[in-house]
Amino acid sequence: MGKELDYSIECNLNLHKRMHGVKFKKRTPNAILEIKKFAHKIMGSKNIRIDTQLNKFLWAKGSRHTPVRIRILLVKKKFVSDTLDGWVIFIYLSNNEKFKNQLTKIKK
């Protein structure tokens, strides 16, 4: 088997279609779960950490009004400590505010 390397992916995520039919008071908590589910699907690890800036951005308008789209940066790193071994995914808010003509970028 090949050796996996640390890498990152910057991509757009449409939260609007994932929040369809969700109760208003549960939209932002459910959006956080959907972001984690998306990261697990793309990167393949269950150890996921969300950055505080991303969390504040999601909660900025309250629990009812989540952002329609966000651009996130997924970073997969090898993490070794006393409590945690293996791959960890860190999710950050990207600096780009425009979504049109922004493709997924993979950085190794």
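Residues numbered from 1 in each chain as written. Predicted model: local features only at pLDDT ≥ 70, side-chain atom pairs only at ≥ 80, totals over all residues. Heavy atoms only, no water.

Brief notes about the overall build of the protein chain
Next up, step 1: Secondary structure assignment for the protein chain yields two helices and five strands.
Next up, step 2: Put simply, the protein chain runs from its N terminus to its C terminus through helices and strands in the order β-α-β-α-β-β-β.
Next up, step 3: Here the protein chain holds 108 residues, and the buried ones make up 35% of them.
Next up, step 4: The contacts of the protein chain with a sequence gap of at least 6 include a subset with a gap of at least 24, amounting to 70%.
Next up, step 5: When the accessible area of the protein chain is evaluated, it comes to approximately 7800 Å², of which 53% is carbon and sulfur surface. (Helix = DSSP H or I, 4+ residues; strand = E, 2+ residues; numbered from the N terminus. Buried < 20%, exposed > 50% of the residue type's maximum accessible area, 1.4 Å probe, protein only. Contact = heavy atoms within 4.5 Å. Areas by Shrake-Rupley, 256 points an atom, 1.4 Å probe, with all protein chains shown as cover.)

Structural notes on the nonpolar core
Next up, step 1: Counting 19 residues, the largest nonpolar core has Leu13, Leu15, Ile35, Ile70, Ile72, Leu74 and Ile91 as its most contacted members.
Next up, step 2: At the level of secondary structure, the elements contributing two or more residues to this core comprise strand S1 (7-14), helix H1 (27-43), helix H2 (52-59), strand S3 (69-80) and strand S4 (85-93).
Next up, step 3: Aside from chain neighbours lying at most four places away, what touches Leu74 is Tyr7, Ser8, Ile9, Cys11, Phe38, Ala39, Ile42, Met43, Phe90 and Ile91. (Core = buried A, V, L, I, M, F, W, Y, C linked by side-chain atoms within 4.5 Å.)

Section: the environment of Arg18
Next up, step 1: Relative to the elements of secondary structure, Arg18 occurs in the loop between S1 and H1.
Next up, step 2: For the pair Arg18 and Ala31, spaced 13 residues apart in the sequence, the C-alpha separation amounts to 7.6 Å.
Next up, step 3: If sequence neighbours within four positions are ignored, Arg18 has contacts with Leu13, Glu34 and Phe38.
Next up, step 4: From its side chain, Arg18 meets the backbone oxygen of Asn14 in a polar contact 2.9 Å long. (Polar contact = N/O pair within 3.5 Å; in protein donor to acceptor, adjacent residues only side chain to side chain.)

A word on the packing of aromatic side chains
To describe a pair of aromatic rings, one takes the distance between the centres and the angle between the planes.
Next up, step 1: What the rule picks out here adds up to one aromatic pair.
Next up, step 2: Pairing Phe90 with Tyr92 gives two aromatic rings, centres 6.5 Å apart and planes at 20°, and the pair type is stacked.
Next up, step 3: Positioned above the aromatic ring of Trp87 is the side chain of Lys76, whose terminal nitrogen or guanidinium carbon lies 5.1 Å from the ring centre. (Phe/Tyr/Trp six-rings, centres within 6.5 Å; stacked < 30°, edge-to-face > 60°. Lys NZ or Arg CZ within 6 Å of the ring centre and 35° of its normal.)

Quick notes on H1
Next up, step 1: Here H1 is 17 residues long and its end C-alpha atoms lie 24 Å apart, about the 24 Å a rise of 1.5 Å per residue gives.
Next up, step 2: If you check which residues of H1 are buried, you get Arg27, Thr28, Ala31, Ile32, Glu34, Ile35, Phe38, Ala39 and Met43. Buried residues in H1, looked at end-on, bunch into an arc of 160°, giving them a common side. Exposed residues pointing more than 90 degrees away from the buried face of H1 are listed as Leu33, Lys37 and Lys41.
Next up, step 3: Gly44, located one to two residues past H1, shows a positive phi value of around 85°. (Expected span 1.5 Å × (residues − 1). Arc of directions from axis to C-beta.)

Section: the environment of Cys11
Next up, step 1: Tracing the backbone through its elements, the reader meets Cys11 in strand S1.
Next up, step 2: Considering only alpha carbons, one finds Cys11 and Ser94, 83 residues apart in sequence, at a separation of 8.8 Å.
Next up, step 3: In this structure, Cys11 is in contact with Phe38, Ile70, Arg71, Ile72, Leu74 and Thr104, ignoring residues within four places of it in sequence.

Observations concerning the side chain of Ser45
Next up, step 1: Its place among the elements puts Ser45 in the loop between H1 and strand S2 (48-50).
Next up, step 2: On the basis of relative accessibility, which here comes to 8%, the residue Ser45 falls in the buried class.
Next up, step 3: At 3.4 Å, the side chain of Ser45 forms a polar contact with the backbone nitrogen of Asn47.
Next up, step 4: A polar side-chain atom of Ser45 sits 2.9 Å from the main-chain carbonyl oxygen of Trp87.

Coordinates in, geometry out; function isn't part of it.
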